[in-house]
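Architecture and fold: a report
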Amino acid sequence: MNRFVQSTKERYVPEDLPEFAIRENTDDVIIIGNPDSETLYQIPQSVKLGSRVFRSTRPVASRSVQVAVRQAAVLRPQLTRLLHSSAPHRVIAAAVNPNTSASLKVGDQLHGYAVTSVEDVPELCLTAYKLRHTRTGAEHLHIAREDSNNVFSVSFRTTPSNSTGVAHILEHLALCGSAKYPVRDPFMKMLTRSLSTFMNAFTGPDYTMYPFSTQNSRDFYNLLSIYLDATFHPRLRQLDFLQEGWRLEHADINDRNSPLVFKGVVFNEMKGVFSSPSAIYTRALINKLFPDNTYANESGGDPLVIPSLSYEELKDFHAQHYHPSNSRFFTYGNFPLEQHLEAIDKVIGNFEENSKLAEGSFVNEQTRWKSAVHDKLSCQNDPLAPFPDKQTTLGVTYMLESLTDTHENFTLAILGSLLTDGPSSPFYEALIDSGLGSDYAPFSGVQKFTKQSLFSIGLQGIAPDQSGAVQKAINMALKNAYTEGFPMERVDAILHRIELGTKHQSSNFGLGLAMNLNTYWNHGVDPIQCLRVNEHVEQFKRSLAADPKYLQKKVREHFIDNSHKLVIEMSPSDSYESKLAEAEKTLLEKKIAKLTDGDRAVIYENGKQLLAAQEATEDLSILPTLNVHRDISRSFKATAIEKDKVGGVPVQWSAQPTNGIVYFNAVTSLQTETFPMKLIPFLPLFSSVMTKLGAGPWDRKKLDQEVSMRTDGLGVGVHIADHHTVFGSFEQGLTFSSHCLERNVEAMFALWTELFRRIRFDDDHEHLKQLIRIASAELAASVPHNGHRYAMTRAASSFGGAMKMRELVSGMSSLAYFRLVAASPEKVQEVVANLKQIAELLLNGKRLRIAINGEAAAIRSSLATVESFVSNIGGSGEKAKVGEAESTTSAIVMPTLNASTSNEHFIFPFSTNYLSRGVFCAPFSHPDFARLRIASSLVSAKFLHREIREKGGAYGGGAKFDSSGVFSYFSYRDPQVTGTMEAFDRAGEWLLRTDNYTDAEIDEAKLQVFQSVDAPVVPGEAGLEQFLIGRTDEMRQEYRLRLLEVGKADIQEVAERYLIGSPALQSGVCLIGPSSEVTANNDKWKVRIVSQ
């Protein structure tokens, strides 16, 4: 056969895909081949393509071709329109260029590797290849999938024997220069020389992982070279150890008589990590549940133990753990495997296998206890607690099974969901509905990142004398689950979620896969076992069918009869912070007391050398880089969308390869003239509880069950979209989102219909009060991890408009509001009245717009369902699309701002600070917007990173310029205030002096900006940027060209116009952190004690 069979029947042939040929064959045979080749192949009699099974009458062709067809067909938009239409297909022929991996089979040798396993996983549309490096024993897992966002990771099993943070500090040092790239911190510098969609490194309890992802092939191999040399040939310089780990240094580096203090990036990072009660609780839980193996130690480092780590100990740890024999390589995507293996072999091929290293890092299983262990902890007070006398946390944790039993852990994950998820679960009824506390204890549920999995359950926000009541409630819930079992509809709902999860496509699917599989793989588990979702589901179903009490027996086995149980009670202590500070002071004094005059001289000289190294100009030409002109297209690929009105409501739809899923998004905008201002602070609460109170014929439990059976959840959020041109003009309202299998579209919209028409606000006011407490607790817990975001939002709010609105609904004001409402349960009637008013004003079709993404064949039926939904909720569209100015002007409107600075300090019991300064500059359509975006990237990478992180010791810092038009400086887990503020002040001047940076560095800043501009968009989200914030394709194209054309003169111009002198005085500053001498008794600062 040397040509495709022709057909006279009508067919859909994509005109924009010339390299593919689609034909229908009268023999019902699917044909695959390259149109330019003489070789064509027939697909076997039954090949699963996406969610359909296509049958043919011809003999089976080669396996590799089957895989290539499935991957190409499922994930290419043009082909999927054919594959998922409602009518049965007789035949499809697709031209595909199979890569090397498609032809590999067990036993094949390739670039020093032997193929040990090749397996298809149809439910995830991928093929998994396991390989072993012959010379070193290094393991490699390659996931071949038609996904352009390719991933690499190398992971080492790192098992510390103490809490010095050696694994964590080594992770930092490995990225500070290597044999091939002997420059300071090549990892951070590659952030601006790449189009990566992800770059980072992680230290877990028993592993260290170095992953990246990118859509650009040249970029992939650039980053691969950096990562491989960093991990296997790092320089590990002592100066980098002092900077990243810990050091003694003079407070004034130029004054040898100034006091000595602790400094170090990881040292300060970990002080920040343990500045929250939840982190203290979680850390103790892991350390104490596994007292006899590596998990008894804090892998990230205990700030009071980190200063005992020596430089020599760190180098020894690298030698013992960072070796190919103790490594696991992971690659994913549509780039050819052969080139990956060739590049890796060039680096590790000179090593020899050393099985003793892998044996040395082996994690021994924890011996089971014969009886439960009880422990008590102290923590700091939570200033956001609505009830100061209810801050105790009580949790019970069970050690479960070894991860080597993958199916048992799959079953335990289902069991954990049945026990804790949703209002019908035993623990929700016993703990949350009891009103004893504010929310589940941190870390509740099944956790699978230690060699033996665990399950934790408990309550936070309880009174100290209620610990016994919580334990009794936990025990009773388990006994009830054992005696009564679980309704089958709840089990079915979880299995439905699993099915939906295998079909849903996310932009970081490969990265998530790498991280999830690594937990198992790290302990010798075959990672492919974890990919076989359908097999696990079928085995679970068989077990349940064979024994109706299967799950009940698991409850008894793993919980009721489990003697390896840890009970932790944590309560705040007024002296916790002072004791911690005193302990650090004592440690410092002991260190200083042991110093000789020679030691002091070395410390002084090290400080000077480190500063000199930080300020030195390096030749970075040795580092690989992409080229802005070669690697970034001047045009972007527009998304095919269509628009019309359905029942008077604007509807946008886009035919996408969604793998049999329909995605729904909607926005309802509030009308400022008729929407009372008093209701604005209630919008976050409304969005939080809207789907949890019951609606129409369903009470809250039945509604939750229906949602789980038909969708992957119903999402509601507060919507704020800045106008692209006019300052002060913005859209605000609510967003709604959900997705479901095609068969459930009508059921999904039936759920939304009832929610729009009749939320059951008055069913259970006690439950509403509990939901408010849960929301308040979750927000309070978010501050230590997102303090810089809260600081940026607050600093920007002084400019009014959308910035002020964001602060009201997602900033410090919202935190205070939730705390106030949670602390005032007697006002629940007033709260309900406000929620009802919001529903009446917003839950209708008058100011609604809708977006639908799905397979082409599913769009038509979905639009018919949308029409019914719109008719049922009443009203017709009145609002123009977001992005269209309320006024008729097309001129750019700028704000009038006062030349003053608003400085606020919110005092929290943290060990480090979060600091931000915001300066309003220009809206999206302004020509300066693109220039400022490049400027923010440039000053972050070339100036602020050095000043705030390297010199100042903060974990992070930089500048951000987003759609709000605010240029925000920020720092994260920062030990300083004054030095960071000075860095903010000097940033504009640094940009103004163009001798500080080169044209090449401006191009690097462009590359970093385009990482987000050209970030991968999954089918379910295609077209949403235009739908949600009103940026048309024309606007995006103009913005793209403006970014590419930014030069030195442009940077200098915007720096002078906005960031220095009097314009920069029009700024807001926010500090979140402990008490500070800088702000105390300072008239320029408003100091706010959060707990008051």
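Residues numbered from 1 in each chain as written. Predicted model: local features only at pLDDT ≥ 70, side-chain atom pairs only at ≥ 80, totals over all residues. Heavy atoms only, no water.

**A few points about the overall build of the chain**
A count of helices and strands for the chain gives 37 helices and 34 strands. Within the chain, the fraction of its 1092 residues that count as buried is 60%. Long-range pairs, those at least 24 residues apart, make up 80% of the contacts in the chain between residues at least 6 apart in sequence. As displayed, the chain offers around 42,600 Å² of accessible surface, 48% of which is attributable to carbon and sulfur atoms. (Helix = DSSP H or I, 4+ residues; strand = E, 2+ residues; numbered from the N terminus. Buried < 20%, exposed > 50% of the residue type's maximum accessible area, 1.4 Å probe, protein only. Contact = heavy atoms within 4.5 Å. Areas by Shrake-Rupley, 256 points an atom, 1.4 Å probe, with all protein chains shown as cover.)

**Quick word on the pattern of salt bridges**
Applying the stated criterion to the full structure yields 58 salt bridges. Residue Arg 283 is joined to Asp 302 by a salt bridge in which the shortest nitrogen-to-oxygen separation is 2.6 Å. One end of the pair, Arg 283, is in helix α8 (residues 277-289); the other, Asp 302, is in the loop between α8 and α9 (311-321), and 19 residues separate them in sequence. What makes Arg 283 partly exposed here is its relative accessible area of 22%. When the shortest N-O distance is used, the salt bridge between Arg 794 and Glu 904 registers 2.8 Å. (Salt bridge = Lys/Arg side-chain N within 4 Å of Asp/Glu carboxyl O.)

**Here's the deal with the packing of aromatic side chains**
Applying the stated criterion across every chain, the model contains 48 aromatic pairs. Just above the ring of Phe 387 sits the side chain of Lys 390; from NZ or CZ to the centre is 5.6 Å. Positioned above the aromatic ring of Phe 924, the side-chain terminus of Arg 1031 is 3.8 Å from the ring centre. (Phe/Tyr/Trp six-rings, centres within 6.5 Å; stacked < 30°, edge-to-face > 60°. Lys NZ or Arg CZ within 6 Å of the ring centre and 35° of its normal.)

**So, the pairing of strand β18 (residues 392-402)**
Most of β18 sits out of view: 10 of its 11 residues are buried. Sheet topology places β18 next to strand β21 (residues 452-462); 8 bridges connect them, and they run antiparallel. Directly across from Met 399, in β21, lies its bridge partner Leu 454. Pairing of β18 with strand β22 (residues 565-572), which is carried by 6 bridges, proceeds in the antiparallel orientation. Bridge pairing links Gly 395 to Ile 568 in β22. (Pairing = 2+ DSSP bridges.)

**Structural notes on the sheet that holds strand β27 (residues 730-741)**
Read across the sheet, 6 strands follow the order β23-β24-β28-β25-β27-β26 without closing on themselves; strand pairing throughout is mixed. The strands lining the two open edges of the sheet, one partner per strand, are β23 (642-646) and β26 (715-722). Strand-to-strand twist of the sheet, defined as the mean angle between neighbouring strand axes without regard to direction, takes the value 25°. When strand β25 (residues 661-669) meets strand β28 (residues 848-854), the two strands line up antiparallel, connected through 6 bridges. Within the sheet, the bridge partner assigned to Thr 668 lies in β28 and is Leu 848. (Axes fitted to C-alpha atoms, helices over the stretch in contact; angles between N-to-C directions.)

**Here we look at the environment of Met 209**
Here Met 209 shows up in strand β13 (residues 207-214). Along the backbone, Met 209 and Ala 514 are 305 residues apart, and their C-alpha atoms lie at a distance of 9.7 Å. Setting aside residues no more than four positions away along its own chain, Met 209 makes contact with Ser 153, Val 154, Ser 155, Ala 201, Phe 202, Ala 514, Met 515 and Asn 518.

**Topic: the nonpolar core**
Judged by nonpolar contacts, the single largest core of 108 residues is most densely connected at Phe 427, Phe 686, Met 690, Phe 736, Trp 752 and Ile 850. When near neighbours in sequence (up to four residues on either side) are disregarded, Phe 427 contacts Leu 419, Thr 420, Ile 432, Tyr 440, Phe 455, Ile 457, Ile 474, Ala 477 and Leu 478. (Core = buried A, V, L, I, M, F, W, Y, C linked by side-chain atoms within 4.5 Å.)

**A word on the confidence of the model for the chain**
On average, residues of the chain carry a pLDDT of 88, and 88% of them reach 70 or more. Note that pLDDT drops below 50 for residues 1-98; the model gives that stretch 202 contacts with residues more than four away or on any other chain. Note that pLDDT drops below 50 for residues 880-890; the model gives that stretch 20 contacts with residues more than four away or on any other chain. (pLDDT = per-residue confidence, 0-100.)

**Observations concerning the packing of helix α27 (residues 801-810) against helix α28 (residues 812-822)**
Interhelical geometry of α27 versus α28 gives an angle of 30° and a closest axis separation of 4 Å. Taken together, α27 and α28 sit at an angle that is classed as roughly parallel. Here α27 runs over α28; the crossing is right-handed. Across the interface between the two elements, Glu 807, Leu 808, Val 809 and Ser 810 from α27 touch Met 812, Ser 813 and Ser 814 from α28. Looking at the contact of α27 with α28 residue by residue, the class counts come to 3 nonpolar, 3 polar and 1 charged. (Parallel < 35°, antiparallel > 145°, perpendicular 65-115°, else oblique. Left-handed = near helix turned anticlockwise from the far one by under 90°. Nonpolar A, V, L, I, M, F, W, Y, C, P; charged D, E, K, R; others polar.)

**A few points about helix α29 (residues 828-842)**
Here α29 is 15 residues long and its end C-alpha atoms lie 21 Å apart, about the 21 Å a rise of 1.5 Å per residue gives. Burial in α29 covers these residues: Val 828, Val 831, Val 832, Asn 834, Leu 835, Ile 838, Ala 839 and Leu 842. Seen end-on, α29 carries its buried residues on one side only, within an arc spanning 160°. Exposed residues on α29 whose side chains face more than 90 degrees from its buried face are Gln 829 and Glu 840. (Expected span 1.5 Å × (residues − 1). Arc of directions from axis to C-beta.)

**Considering the side chain of Asn 834**
Position of Asn 834 relative to the elements: it lies in helix α29. With residues up to four places along the chain from it excluded, the contact list for Asn 834 reads Lys 678, Leu 679 and Phe 682.

**Comments concerning the packing of helix α26 (residues 765-796) against α27**
For the pair α26 and α27, the least separation of the axes is 8 Å and the interaxial angle reads 135°. The orientation of α26 with respect to α27, classified from their angle, is oblique. Crossing angle aside, the handedness with which α26 passes α27 is left-handed. Of the residues in α27, those in contact with Tyr 790, Thr 793, Arg 794 and Ala 796 of α26 are Met 803, Arg 806, Glu 807 and Ser 810. Among the residues forming the contact of α26 with α27, the class breakdown is 3 nonpolar, 2 polar and 3 charged.

**A word on the side chain of Lys 951**
Mapped onto the secondary structure, Lys 951 falls in helix α31 (residues 927-951). Within polar-contact distance, the side chain of Lys 951 engages the side chain of Glu 947 at 3.1 Å. Dropping the residues within four chain positions of it, Lys 951 is found in contact with Arg 247, Leu 611, Gln 614, Glu 615, Arg 946 and Gln 976. (Polar contact = N/O pair within 3.5 Å; in protein donor to acceptor, adjacent residues only side chain to side chain.)

**Observations regarding the environment of Leu 626**
By secondary structure assignment, the location of Leu 626 is in the loop between α21 (597-615) and α22 (628-631). In this structure the C-alpha to C-alpha distance between Leu 626 and Leu 1007, which are 381 residues apart in sequence, comes to 7.9 Å. Not counting the four nearest positions on each side in its chain, Leu 626 is found in contact with Arg 193, Ser 194, Leu 195, Asn 216, Arg 218, Asp 219, Asn 222, Asp 631 and Leu 1007.

**Some details on helix α5 (residues 217-232)**
Taking 1.5 Å per residue, 16 residues should reach 22 Å; α5 reaches 22 Å between its end C-alpha atoms and fits that length. With 14 of its 16 residues buried, α5 lies for the most part within the structure. A side-chain oxygen of the first residue of α5 lies 2.9 Å from the backbone nitrogen of Arg 218; this N-cap is Asn 216.

**Side note on the environment of Ile 680**
With respect to the secondary-structure elements, Ile 680 resides in the loop between β25 and α23 (683-689). C-alpha separation for the pair Ile 680 and Ile 838, spaced 158 residues apart in sequence, amounts to 9.2 Å. With near-sequence residues (within four places) excluded, Ile 680 lies in contact with Leu 670, Phe 675, Gln 732, Met 805, Leu 808 and Val 809.

**Remarks on unusual backbone geometry**
Its identity is not glycine, yet Asp 185 carries a phi of approximately 60°, on the positive side. On the secondary structure map, Asp 185 appears in the loop between α3 (166-174) and α4 (186-190). Residue Asp 185 is classed as buried on the basis of its relative accessible area, which comes to 5%. One non-glycine residue with positive phi stands out, namely Arg 973, at about 50°. For Arg 973, the location among the structural elements is in strand β32 (residues 966-974). For Arg 973, a relative accessible area of 6% puts it in the buried group.

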